[in-house]
Amino acid sequence: MYQYDQHDQAMVDARVAEFRGQVARRLSGELTEDQFKPLRLKNGLYLQLHAYMLRVAVPYGTLNSAQMRVLGDIADKYDRGYGHFTTRQNIQYNWIKLADAPDILADLAKVQLHAIQTSGNCIRNTTADHFAGAAADEVADPRPYAELLRQWSTFHPEFDYLPRKFKVAIIASETDRAAMRLHDIGIQIVKNEAGEIGCKFFAGGGMGRTPMIAPCIAEFVPALQMISFLEAALRVYNRHGRRDNKYKARIKILVHEIGVAEYSRQVQEEFAHILTLGLEPPPAELERIKGMFADPGLESGLSDDLDRSDPDFALWVDQNVHTHKQAGYAIVTISLKPVGGIPGDATAYQIRLMADLARDYSLDELRVSHAQNIVLPHVKKADLYRVWQALDAAGLATPNLDLITDIIACPGLDYCALANARSLPLAQKITDRFADIGRQRELGELKLKISGCINACGHHHAGHIGILGVDRKGVENYQLLLGGAESADTSLGTITGPGFSEDGVVDAIEKVTDVYLARREGAERFLDTYRRIGMAPFKEAIYG
Amino acid sequence: MVETVLRYRTDEPVGDPAVTVDAFAAQSNATAVRIEPGDDALALLPHLERIALIEVNFPSFADGRGYSAARSLRERGYTGELRAVGDVLIDQLSHMRRCGFDSFAPDKPISAEAAEAAFATWPEVYQQTVDGRAPIWAARHPAAKA
Ligand code: HEM
Ligand code: SF4
């Protein structure tokens, strides 16, 4: 894993000192809330419905156990004993006091964490495949590239006042586990015919009120020109992205309005100019970073044997454990989606327990997935049973990965000032209705995603089943969408028709799943059946 | 109105008022020009020889087009004065300097001491831009880059 040197540390420490001064000026009344707002937002501090919320960056979703432990300690010390892992692979604390915020940032800085650029119209924290470095199908570990990008984007002087926020995701395999094409820029690390590593660039994806899937803008940019290409892509956007209307300010609108061909042409022109400036970090820098990710300490020659005699354990293995690139190891996903729970929430105790397990059984590494779960990427198969027992004792062994109760949900009206409807109680009701694990497994892979308003923080456009909270004459109402997907076969969901009450939408989901069970052929997933038979039969069942 | 200009150059300030890009194109003897966020800064490239001052207007601090305009001009060889004017606040000074601005005429005056403190916000920088500061990667790999 990446370790800061004195340079990285100095940058983060400088930010803590600066913010401490700004908070002091706010508390003394020297700064008004209006003046303070843009400053606190640069440090991930939002004012929500009831309190301040602090969003901490987890760069490319990777944590070590010391970092995870501090995340648990902060939940205890400064919040109400829990934290919320988000679809952006970050963690948010919902009950923060302004006066504590500088101390929290200082605690974070001690373990090389920060809240830099977790909000504002700048380049946000880069997300990445949560199986990076462990997946069997990757052409390279994408994280060294993500780290290069983190450094380049940190306090970038030209791109701090973009038309709108800017999110980059990076993957390195054909299977997209990071919803890469739903980002402002998506990068897929690829190998060309000559065996060289490069970047395939996508631009103009996003959700919100105008969801779009990013088209490819460059098939192959040599890896050692990635930063120069990004400079060009961002500069064209900064110059020409719309600033007259906040809802049309994302890069997706620019790419859509001028067309992919024209946007790409302008980027290529600027790229050619930027290449002459020699501002790309030297190969030695990428090598330095790669060196820190290269070998987490995997042993070779381990056995793949597994004792599956405990049926509950076997069930969990089947659902939540993935193949590792190294024989004898497995990738464990810890579900933060217990029946009746709040998706993505973990208590301080659970966070520290996961930290301990990472230290003892996962070569000190954890990941946050964009599906709001935690990954232990390098667990020996021989240790799986022990890990499972420890998780089970802490309520962390729900065997529901990618099943209907593995719900993504935004904070909604319980916290968020922009919300139209509550997301969390609805998620809880759905998990109650589908609590039976046998029934869930019968339904198979089914990604259900809930947003409390059109901003789509809960990725509802990309859910096999999506739910969007709307305000209907002052009453919370829920629209249902079917057929979205976020993987290699990214697609956007379609609204079924008129919306529902909270209970009504749970009933509607049940009817939708009944149609699937009745109509599926062979090993079809819900999504496959939907794509084959279309919306009509579902609509008929729901409204007929 | 008296303007307070923070200036980090040793040459003589230009006396002429800055004209709009359109007026500049029509006036072959103008030496100072002001660009607005929507203007194409690169349209000035053929005339860089005769320009001594380019003002970049920031009607709102949140409109960041001027950063790209400034850096693009510097990258393409402009060495005259580059002045940020308008809603220029203390918290933006350091980034502006990194993008090539060497004078500032904020709507609300900023003291020279406050400006110095702002320029010193970050002890080091990660990117190579046009301000001559060596990025962190250069310090890490002294041999890789002259
Ligand atoms: C106080 C709470 C929040 C506020 C005020 C907020 C605000 C917004 C807004 C305004 C947008 C739409 C941006 C656009 O379309 O241009 C958005 C999108 C998004 N937000 Fe949030 N958000 C909040 C919480 C969250 C949380 C908790 C997550 C992660 C779980 C999240 C992740 C996202 C994602 C993934 C998108 C859509 C992707 C995209 O950028 O197009 N947000 N948010
Ligand atoms: S989708 Fe809407 S309600 Fe949910 S967190 Fe985002 S802005 Fe708030």
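Residues numbered from 1 in each chain as written. Chains lettered and ligands numbered in written order. Predicted model: local features only at pLDDT ≥ 70, side-chain atom pairs only at ≥ 80, totals over all residues. Heavy atoms only, no water.

Caption draft 1: Structural context of the overall build of chain B. Broken down by element type, chain B carries 5 helices and 6 strands. N-terminal to C-terminal, the α/β element order of chain B is β-β-α-β-β-α-β-α-β-α-α. Expected size for 146 residues packed as a compact globule is a radius of gyration near 15 Å; at 16 Å, chain B falls within 12% of this value. Its C-alpha atoms put chain B at 50 × 35 × 30 Å along the principal axes. The buried share of chain B, reckoned over its 146 residues, is 48%. Summarising the internal contacts of chain B: among those between residues at least 6 apart in sequence, 51% fall at separations of at least 24. Entry remark: accessible area of chain B is about 6700 Å², with carbon and sulfur atoms responsible for 54%. In chain B, which carries 15 positive and 21 negative side-chain charges, the distance between the mean positions of the two groups comes to 6 Å. (Helix = DSSP H or I, 4+ residues; strand = E, 2+ residues; numbered from the N terminus. Rg over C-alpha atoms; globule rule 2.2 N^0.38 Å. Buried < 20%, exposed > 50% of the residue type's maximum accessible area, 1.4 Å probe, protein only. Contact = heavy atoms within 4.5 Å. Areas by Shrake-Rupley, 256 points an atom, 1.4 Å probe, with all protein chains shown as cover. Lys, Arg positive; Asp, Glu negative; His and termini not counted. Charge placed at Lys NZ, Arg CZ, Asp CG, Glu CD.)

Caption draft 2: A look at the site of ligand 1. Residues and elements named next belong to chain A. Taken together, 21 residues surround ligand 1, and among them Gln48, Lys167, Met207, Arg250 and Cys457 come closest. Contacts to ligand 1 include Met207, whose backbone N or O atom sits 2.8 Å from an oxygen atom. Among the residues forming the shell around ligand 1, the class breakdown is 7 nonpolar, 8 polar and 6 charged. (Near = heavy atom within 4 Å. Polar contact = N/O pair within 3.5 Å; in protein donor to acceptor, adjacent residues only side chain to side chain. Nonpolar A, V, L, I, M, F, W, Y, C, P; charged D, E, K, R; others polar.)

Caption draft 3: Seen up close, the site of ligand 2. Close contacts around ligand 2 come from Cys410, Pro411, Gly412, Cys416, Leu418, Ala419, Ser451, Gly452, Cys453, Asn455, Ala456 and Cys457 of chain A, and that covers them all. For the shell around ligand 2, the residue count by class is 8 nonpolar, 4 polar and no charged.

Caption draft 4: Examining helix H11 (residues 348–361) of chain A more closely. Residue and element names in this part refer to chain A. Helix length check: H11, at 14 residues, gives a terminal C-alpha distance of 20 Å against a target of 20 Å (1.5 Å per residue), a fit within 8%. Listed in full, the buried residues belonging to H11 are Ala348, Gln350, Ile351, Leu353, Met354, Ala355, Leu357, Ala358 and Tyr361. In the segment just after H11, Leu363 is the residue with positive phi, at about 50°. (Expected span 1.5 Å × (residues − 1).)

Caption draft 5: Representation of the interface of chain A and chain B. Counting residues at the interface gives 41 residues for chain A and 33 residues for chain B. Across the chain A to chain B interface the summed buried area is about 3300 Å²; carbon plus sulfur atoms make up 56%. One salt bridge connects Arg243 of chain A with Asp63 of chain B, and the closest N-O pair in it is separated by 3.3 Å. Counting every contact that joins chain A to chain B gives 24 residue pairs in polar contact (both at pLDDT 80 or more). Only helix H1 (6–27), helix H2 (33–41), helix H5 (143–153), helix H6 (226–240), helix H8 (260–275) and helix H9 (283–294) of chain A provide two or more residues apiece to the side of chain A that touches chain B. Among the elements that line the side of chain A that touches chain B, the one with the most residues is H1 of chain A, at 8 residues. (Buried area = accessible area lost by both parts, 1.4 Å probe. Salt bridge = Lys/Arg side-chain N within 4 Å of Asp/Glu carboxyl O.)

Caption draft 6: Summary view of the side chain of Ser451 of chain A. All names here are of chain A. Mapping Ser451 onto the fold places it in strand S17 (residues 448–451). For Ser451, a relative accessible area of 1% gives the class buried. Discounting residues that sit within four places of it in the chain, Ser451 has contacts with Cys410, Ser423, Ala456, Cys457, Gly458, His459, His460, Ile467, Leu468 and Gly469.

Caption draft 7: Layout of the coordination of the iron atom of ligand 1. No protein donor other than Cys457 of chain A (SG) coordinates the iron atom of ligand 1, and that contact is at 2.2 Å. Looking at the element boundaries, Cys457 of chain A is found in the loop between S17 and strand S18 (465–472). (Donors = N, O, S within 2.8 Å, 3.2 Å for Na, K, Ca; no water.)

Caption draft 8: Geometry of the packing of H5 of chain A against H9 of chain A. All names here are of chain A. For the pair H5 and H9, interaxial distance at closest approach is 9 Å and the crossing angle is 125°. With respect to each other, H5 and H9 are oriented oblique. Both H5 and H9 take part in a crossing whose hand is right-handed. Facing Arg143, Pro144, Tyr145, Glu147, Leu148 and Gln151 of H5, the residues of H9 in contact are Glu285, Leu286, Arg288, Ile289, Lys290 and Phe293. Grouping the constituent residues of the contact of H5 with H9 by class yields 6 nonpolar, 1 polar and 5 charged. (Axes fitted to C-alpha atoms, helices over the stretch in contact; angles between N-to-C directions. Parallel < 35°, antiparallel > 145°, perpendicular 65-115°, else oblique. Left-handed = near helix turned anticlockwise from the far one by under 90°.)

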